[in-house]
Number of protein chains: 2
Amino acid sequence: MAITVVGSVAYDSIETPAGRKDRCLGGAATYFSLAASFFTDVRVIAVVGDDFGSEQEAVFAARNIDTRGIEHTAGKSFFWEGSYLDNLNEAKTHTTELNVFASFEPKIPDSYRDSEFLFLANIDPVLQRRVREAMPGIKLVAGDTMNYWIKDHRPALLEVLKGLDVLLINDTETRMLAGNNNLVRAARAVMEMGPRALVVKHGEYGATLFVGENMNGTGAKTFKTPAMPLEEVVDPTGAGDSFAGGFFGYLASQPKLTPGVFRRAMFYGSTMGSFAVERFGTERLQQLSRQEIDDRFNVFRELTHLD
Amino acid sequence: MAITVVGSVAYDSIETPAGRKDRCLGGAATYFSLAASFFTDVRVIAVVGDDFGSEQEAVFAARNIDTRGIEHTAGKSFFWEGSYLDNLNEAKTHTTELNVFASFEPKIPDSYRDSEFLFLANIDPVLQRRVREAMPGIKLVAGDTMNYWIKDHRPALLEVLKGLDVLLINDTETRMLAGNNNLVRAARAVMEMGPRALVVKHGEYGATLFVGENMNGTGAKTFKTPAMPLEEVVDPTGAGDSFAGGFFGYLASQPKLTPGVFRRAMFYGSTMGSFAVERFGTERLQQLSRQEIDDRFNVFRELTHLD
């Protein structure tokens, strides 16, 4: 079933211990949709400037991603510059230029309206909520957010959380949102804000799925997926969005959402995150096959299973 | 098969967000031997002062731990005082009084000499090596160390590593020992120093087993075990030593060391670590049944297995 994703399509200039790359195609919606496109149809809602041309368009087209919801407007696309020189787990932001994103008004093409899955990538919760409300036919809605919205836009964010089935955030965000340092108690507090399930991403330590008591009514439980032990992390940018794409893309591809499907979705999330960091920007996701994905899924099985 | 462990038996005064407890029975050898005693016979080599009496002796006796190698000498036992008020993952040391431990000369009772497994808990590498060399009949030897020995006693530590089959240390220690921030490459570098297998403990994120190419000649692979998601960590002291006790105790209980046995040993390590932190000091390990251990082992299976 098709996923609609709303979020940023951007350019990133990135420096890591492995080198430097200027103006890579990036943005949460880009990573998410590339990762999810290996599992199901993906439709993007975003805004770009006139520095986004046929070369960038071709990256989406090559993965059959529907870009009719990407609005082209005069000006420059969202631009982010950051580095990971001291710590691969945490980006140091040097520049954030919202550019055309500053006045982003998500517009939903009619052709997107039969989507059954919706992903609200990390943008202003006011916009997340607007998109959510404009698509009442959605079967499952997941979303992401960040420390900035948690700290300074809490009321708007809480409104979004009420309408979410699954929230995907990291450890620090979970603790900050709940005001509790114990992750299990923080997770429960966050689920009381709305989401029926919570995926907490731990960076190099993988991720944990917490499931509320009534999720699917099937007794689904807490589940842990590790991250791939990699000899080199070239560029951590987009790992979390790629995780979300693998996780949600796999969910959307399945006829029924069972606890087993959620567990496998966690493995596909880790799998897509592990590929994303192997090259700068979205390079690795652009050059990836379903066979490679399933091979790595099996590596995750060997990494974690007793027999 | 019996394990001999050499290490500290001590008193700890501990403060955590859950409260404060003065002069708990502690020390790496205490946690290790209590945890391992659920799987196999354990024999301890340590030194205590005249503040160690029949009450403490009874803790070991209740678990059938052989204490003939615990030397009693005039003076006070090793004493440590620390807190975890800001961060449950890292102790802040307030006081370390070596006391009788300062002149510790490990003496190996004749009755220990048929032990086939040896665990060198975190003590001066000069002493670790002396015990290792005094027990040539050992089938498998594992050990622990800490940042202090890695930084300031490297040559002595490197001698110990040459004689180890399995080293158990944490992330920071692995990176420090290897001088490499990437954990996979750091693990390989550490294994080139001697250990045929390395268990890297990640605190609340579990642990990773790295296996050298020739470990058992059976193609054993990297394996990940999570930590238990706990609603309350009362006292993290001894979690790593309890992990080591569960891990090594299970290995010693098995007739053959196969890759599957190593994987299950990792789960038993996580299991024993998860119990240790539920109460202050060794309280929880003292009040534990094999049934509880196996029940929690199965929780770890559910936490990580797809089917």
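Everything here concerns the structure above.
These lines cover the structure that appears in this document, whether it is placed above or below. Note that the structure is predicted; figures quoted are calculated from it, not measured.

### Concerning the packing of aromatic side chains
- For the structure shown, the criterion picks out 35 aromatic pairs over all chains.
- Relative to Phe247 of chain A, the ring of Phe243 of chain A has its centre 6.4 Å away and its plane inclined at 20°; by these criteria the two rings are stacked. One end of the pair is Phe243 of chain A and the other is Phe247 of chain A, both in helix 8 (residues 239-253) and four residues apart, which spans about a single turn. By the burial criterion, Phe243 of chain A is buried, and Phe247 of chain A matches it.
- Within the aromatic cluster, the residues linked to one another by ring pairs are Phe39, Phe223, Tyr250, Phe267, Tyr268, Phe297 and Phe300 of chain A.
- We note Arg63 of chain A situated over the ring of Phe38 of chain A; from NZ or CZ to the ring centre the distance is 3.6 Å.
- Residue placement shows Arg23 of chain B over the ring face of Tyr11 of chain B; its charged tip is 4.3 Å from the ring centre.

### A short note on helix 3 (residues 125-134) of chain A
Residues and elements named next belong to chain A.
- Within the span of helix 3, buried status applies to Pro125, Leu127, Gln128 and Val131. When helix 3 is viewed along its axis, its buried side chains cluster within an angular range of 160° and face the same direction.
- Capping of helix 3 at its N-terminal end is provided by Asp124; its side-chain oxygen lies 2.9 Å from the backbone amide nitrogen of Val126.

### Notes on the pairing of strand 2 (residues 10-16) of chain B
Residue and element names in this part refer to chain B.
- Of all seven residues in strand 2, six are buried, a share of seventy percent or more.
- Hairpin connection from strand 2 to strand 3 (residues 19-26): two residues lie between these consecutive antiparallel strands.
- Relative to strand 6 (residues 78-83), strand 2 runs parallel, the two sharing six bridges. Looking at strand 6, one finds that Ala10 is bridged to Phe78.

### Section: the relation of the copies chain A and chain B
- Expressed as a screw operation, the relation of chain A to chain B combines 0.0 Å of axial shift with a rotation of 180°, fitting to an RMSD of 0.0 Å. In short, the pair behaves as if placed about a two-fold rotation axis.
- Here 100% of the contact residues of chain A are again contact residues in chain B; the copies associate through an equivalent surface.

### A look at the sheet that holds strand 1 (residues 3-6) of chain B
Residues and elements named next belong to chain B.
- Strand order in the open sheet made by the nine strands is 5-4-1-8-9-10-11-12-13, with mixed pairing throughout. In the strand order of this sheet, the two ends are held by strand 5 (66-72) and strand 13 (223-225), each with one partner. Adjacent strand axes in the sheet meet at a mean angle of 15°, parallel and antiparallel pairs treated alike.
- Two elements, strand 9 (residues 140-144) and strand 10 (residues 166-170), share three bridges in a ladder whose sense is parallel. For Asp144, the partnering residue across the bridge sits in strand 10 and is Leu168.
- Against the sheet, helix 6 (residues 171-178) touches strand 10 and strand 11 (197-201), its axis set at about 110° to strand 10.

About the thresholds
Residues numbered from 1 in each chain as written. Chains lettered and ligands numbered in written order. Predicted model: local features only at pLDDT ≥ 70, side-chain atom pairs only at ≥ 80, totals over all residues. Heavy atoms only, no water. Phe/Tyr/Trp six-rings, centres within 6.5 Å; stacked < 30°, edge-to-face > 60°. Helix = DSSP H or I, 4+ residues; strand = E, 2+ residues; numbered from the N terminus. Buried < 20%, exposed > 50% of the residue type's maximum accessible area, 1.4 Å probe, protein only. Lys NZ or Arg CZ within 6 Å of the ring centre and 35° of its normal. Arc of directions from axis to C-beta. Polar contact = N/O pair within 3.5 Å; in protein donor to acceptor, adjacent residues only side chain to side chain. Pairing = 2+ DSSP bridges. Least-squares fit on C-alpha atoms with pLDDT ≥ 70 in both. Contact = heavy atoms within 4.5 Å. Axes fitted to C-alpha atoms, helices over the stretch in contact; angles between N-to-C directions.

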